[in-house]
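Structural features, examined
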Amino acid sequence: MIESADVLKIAGLSRLALTEEEVKLYSNQLSAILQHIEKLKELDTRDVGPTSHVLDIRNVMREDLTAPSLPVDDALGNCPDPKGGFYRVPRIIE
Amino acid sequence: MELHQLGVEELKNVLDKGGVSPAEVLDSVFKRIDAIQEKVKAFVTLTREQAYGMAAAAGARGAGALAGIPIAIKDNICTKGIRTTCSSRMLENFVPPYESTVTGRLLEAGYVLVGKTNLDEFAMGSSTENSAFFTTRNPWDLDRIPGGSSGGSAAAVSAGMCAAALGSDTGGSIRQPASLCGVVGLKPTYGRVSRHGLVAFASSLDQIGPITKTVKDAAILLNIIAGHDAADSTSAPMPIPDFTRPAGMDIKGFRVGIPKEYFIPGMDREVEAAVLAAVKQLEALGAIPVEVSLPHTAYAIATYYILATSEASSNLARYDGVKYGFRAGGKDLLETYMNTRAQGFGPEVKRRIMLGTYALSSGYYEAYYGRAQQVRTLIKKDFEEAFKSVDIIATPTSPTAAFKVGEKAADPLQMYLSDIFTISINLAGLPGISVPCGFTREELPIGLQLIGRHFDEETVIRVAHAYEQSTDWHGRRPKL
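Throughout what follows, the structure given in this document is the object of discussion. Treat the numbers as computed from the prediction; the structure is a model and nothing was measured.

**Remarks on the overall build of chain A**
- Of the regular secondary structure elements, chain A holds three helices and two strands.
- When the elements of chain A are put in sequence order from the N terminus, they spell out α-α-α-β-β.
- Against the 2.2 N^0.38 benchmark of 12 Å for 94 residues, chain A shows a C-alpha radius of gyration of 23 Å, more extended than a compact globule.
- Of all 94 residues assigned to chain A, the portion counted as buried reaches 30%.

As structure tokens, then:
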């Protein structure tokens, strides 16, 4: 069961501001989904290794060569608040 | 048939013969779009001006496997200089400064971009109802959903608004809408097609693939988009065969696995009957049906909704209002993050981010994420075991035909359960296709799913094509 306090904690970790209504809604919905997910506990997985992806490749290496990258103006083209070739954000330190 | 109804191969033949120009093809396509877009709502963005420019260039050049062919692209695949929204407020005004690998390859082949198609926000959903903009309608019945998340692409192909489209498939998002709209949808093996420029949802599951009017068309597009890409380290360095070659070969003696766990009580009767009739048809073509077992099928949805949401919670952390996309105001940086994400994401995306964050959080990681990764191994092994005795597996694509708009929107779990037959294939990374295999009494399309071994799209295409050509389901078009 996911209580309101749990939802608020998860929302904080997820950087999501929620309304009171949302907290109630997600508390119910996440509880129902997690109840279904409890099903996984039926299985004995003691000797089973994890699968993170299905391909038989790992540690893909390449030569460390320089290559042209996106021009600064293009990279900042979608930035909500660019200034002087940088991303600008609200003050962090008082 | 009018030009806008033609698929890739047919249209290529018409253009090659001369007498019809790429611009005339586009005239027909845009006339069709103008007539029905308001009803079907397949497109988020139409690229009319660019399309005529591309058509003129294709007409002048003439070469290229897709010269002058009008194609729609799901709006989570980056197109340089053309708005790519993911059907989200977060990216409503995002204009990619680079081209995805797949659309880059289509450009080289001379394709004409018709527009960007609607999806469930960030590809999270099975109906397009989670789009932040509007719900796409099923061309066979405008009161019903087209499936999702590539619902815009499937509806556009089905309604004759383009010759073909690209979609993406994380848990069924190509195959399920193809099934519900009566067209062909192919999800390649994980790693077959580069994901560079596909907006990431769940990186170990996402794969781009074609949605088309015929199996042969899907093979033609796969020939162009498949192959290793230095920009995607998970794209496989595997040789690329000619995928159109198996289209036309017989399937005598092919062993077709029928997993007993996929024919369950509660499945729609008409869907079950149509799929079993399709198996009979494969038998008539010389294939041998064999019962197989995939014992961990019942755990697939739970596994998927842990792994996909965990990966999503990490992938979507980048939407913080700093570098690109929507930004809401706030008194400090933390509040800016919180408000940006609260206002920029819709309810389903928030739900999944929170579920994934929970599954990865301290104290729950082992019980949820760790266990789901182990069950993924069991699901993958089920298929390995089954493929020891069969060449291909046949199942329904979706347990029901298209449902009504709003029918499942209030209950996320019910919506998740509609992906029950497609999700395991992503977890195991296998190739799968949906081909039309019948209609319900209400004239709604039903799809047959065919699943192959890793990197064996050839067998999938061979069997799907043989089936398709021996039936006339794929020739039907919705009356709009």
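So much for the structure itself; the text now carries on.
**Side note on the interface of chain B and chain A**
- Taken together, the contact between chain B and chain A spans 62 residues of the former and 49 residues of the latter.
- In total, about 5,000 Å² of surface goes out of reach between chain B and chain A, with carbon and sulfur atoms giving 70% of it.
- The largest share of the area that chain B buries against chain A comes from Tyr299(B), Met354(B) and Arg371(B), three residues that together contribute 13% of it.
- Run the count over chain B and chain A and you get two salt bridges.
- One salt bridge in this structure joins Arg327(B) and Asp81(A), with 3.8 Å as the shortest N-O distance.
- Summed over the shared surface of chain B and chain A, the number is 20 residue pairs in polar contact (both at pLDDT 80 or more).
- With ten residues, helix 12 (residues 366–386) of chain B is the single largest residue contributor to the side of chain B that touches chain A.
- Class assignment of the residues belonging to the side of chain B that touches chain A gives a composition of 34 nonpolar, 19 polar and nine charged.

**Structural notes on the packing of aromatic side chains**
- Following the criterion strictly, the structure yields 15 aromatic pairs over all chains and no others.
- Between Tyr304(B) and Tyr305(B), the aromatic rings sit 4.8 Å apart at their centres with planes inclined by 80°, giving edge-to-face as the arrangement. Summarising the burial analysis for this pair, Tyr304(B) and Tyr305(B) share the class buried.
- Pairing Tyr319(B) with Tyr324(B) gives two aromatic rings, centres 6.1 Å apart and planes at 90°, and the pair type is edge-to-face.
- Given the relative accessible area of 24%, Tyr324(B) is considered partly exposed.
- Here the aromatic cluster, defined as three or more aromatic residues joined through ring pairs, consists of Phe94(B), Phe122(B), Tyr319(B), Tyr324(B) and Phe345(B).
- Over the ring of Tyr299(B) we find Lys39(A); its NZ or CZ atom is 5.3 Å from the centre of that ring.
- Just above the ring of Phe403(B) sits the side chain of Lys408(B); from NZ or CZ to the centre is 4.4 Å.

**Focus: the sheet that holds strand 5 (residues 184–187) of chain B**
Residues and elements named next belong to chain B.
- The strand order 1-3-2-4-6-5-10-11-9-7-8 describes an open sheet built from eleven strands, whose pairing is mixed. Two strands close off the open sheet at either side, each with one partner strand: strand 1 (43–46) and strand 8 (288–292). Between one strand axis and the next, the sheet turns by 30° as a mean value, whatever way the strands run.
- Note: strand 2 (residues 70–74) against strand 4 (residues 164–169), three bridges, orientation parallel. Counted as the bridge partner of isoleucine 73 is leucine 166 from strand 4.
- Taken strand by strand, helix 7 (residues 215–225) contacts strand 2, strand 4, strand 5, strand 6 (207–212) and strand 10 (432–439), and its axis lies near 145° from that of strand 6.

**A few points about a nonpolar patch on the surface**
- On the surface, Val89(A), Ile92(A) and Ile93(A) cluster together to form a nonpolar patch covering roughly 310 Å² of accessible area.
- Mapping Ile93(A) onto the fold places it in the segment after strand 2 (86–87).

**Some details on the packing of helix 9 (residues 300–315) of chain B against helix 12 of chain B**
Residue and element names in this part refer to chain B.
- Relative orientation of the contacting elements helix 9 and helix 12 amounts to 125°, with a least axis distance of 9 Å. When the axis of helix 9 is compared with that of helix 12, the two are oblique. Crossing geometry of helix 9 relative to helix 12 is assigned as left-handed. Where helix 9 approaches helix 12, its residues Ala300, Thr303, Ile306, Leu307 and Ser310 are matched on the opposing element by Tyr368, Tyr369, Ala372, Gln373, Val375, Arg376 and Ile379.

**Considerations on unusual backbone geometry**
All names here are of chain B.
- A cis amide bond, omega 10°, links glycine 148 with the succeeding residue serine 149.
- Topologically, serine 149 is positioned in the loop between strand 3 (112–117) and helix 5 (151–158).
- Look at serine 87: it is not a glycine, yet its phi comes out positive at around 50°.
- Locating serine 87 in the fold gives a position in the loop between strand 2 and helix 4 (101–108).

Analysis parameters
Throughout, a residue's number is its position along its own chain's written sequence, starting from 1. Note on labels: chains are lettered from A, ligands numbered from 1, in written order. Only residues with pLDDT of at least 70 are given local features in this predicted model, and only at 80 or more are side-chain atom pairs given and counted; all residues enter the totals for whole chains, interfaces and linings. In computing side-chain properties, one takes all heavy atoms of the structure into account and sets aside hydrogens as well as water. Counting from the N terminus, the helices are DSSP H or I runs at least four residues long and the strands are E runs at least two residues long. Radius of gyration: C-alpha atoms only; globule rule: 2.2 Å multiplied by the number of residues to the exponent 0.38. Here's how the labels work: a residue is buried when its accessible area is under 20% of the maximum for its type, exposed when over 50%, partly exposed in between, all with a 1.4 Å probe on protein chains only. In this analysis, two residues are considered to be in contact whenever any of their non-hydrogen atoms come within 4.5 Å of each other. When two parts are brought into contact, each loses some accessible area as probed by a 1.4 Å sphere; the total of that loss over both is the buried area. Think of a salt bridge as a Lys or Arg side-chain nitrogen and an Asp or Glu carboxyl oxygen that are within 4 Å of each other. We call two N or O atoms a polar contact when they sit within 3.5 Å, provided that within protein one can donate a hydrogen and the other can accept it, with sequence-adjacent residues counted only if both atoms are side-chain atoms. All residues other than Ala, Val, Leu, Ile, Met, Phe, Trp, Tyr, Cys, Pro, Asp, Glu, Lys and Arg, Gly among them, are scored as polar; the first ten of these are nonpolar and the last four charged. A pair of Phe, Tyr and Trp rings is counted when the ring centres sit within 6.5 Å of each other, with Trp represented by its six-membered ring. The angle between the planes then sorts it: under 30 degrees is stacked, over 60 is edge-to-face, the rest tilted. Criterion for a charge above a ring: Lys NZ or Arg CZ within 6 Å of the ring centre, and within 35 degrees of the ring normal. At least two bridges found by DSSP between two strands are what make those strands a pair. Angles shown run from 0 to 180 degrees and are taken between the N-to-C directions of axes, each axis being a line fitted to C-alpha atoms and, for helices, limited to the stretch in contact. In this scheme, patches are assembled from residues that exceed 30% relative accessible area and form no salt bridge. Like charges are connected within 9 Å, while nonpolar side chains (Val, Leu, Ile, Met, Phe, Trp, Tyr) are connected within 5 Å. Surface accessibility in these figures is a Shrake-Rupley result with a 1.4 Å probe; residues are shielded only by whichever protein chains are displayed. The labels follow the angle: roughly parallel below 35 degrees, roughly antiparallel above 145, roughly perpendicular from 65 to 115, and oblique for the rest. Each helix crossing is assigned a hand: it is left-handed if the near helix lies turned anticlockwise from the far helix by less than a right angle, otherwise right-handed if that turn is clockwise.

Any link to function would need more than the numbers given here.
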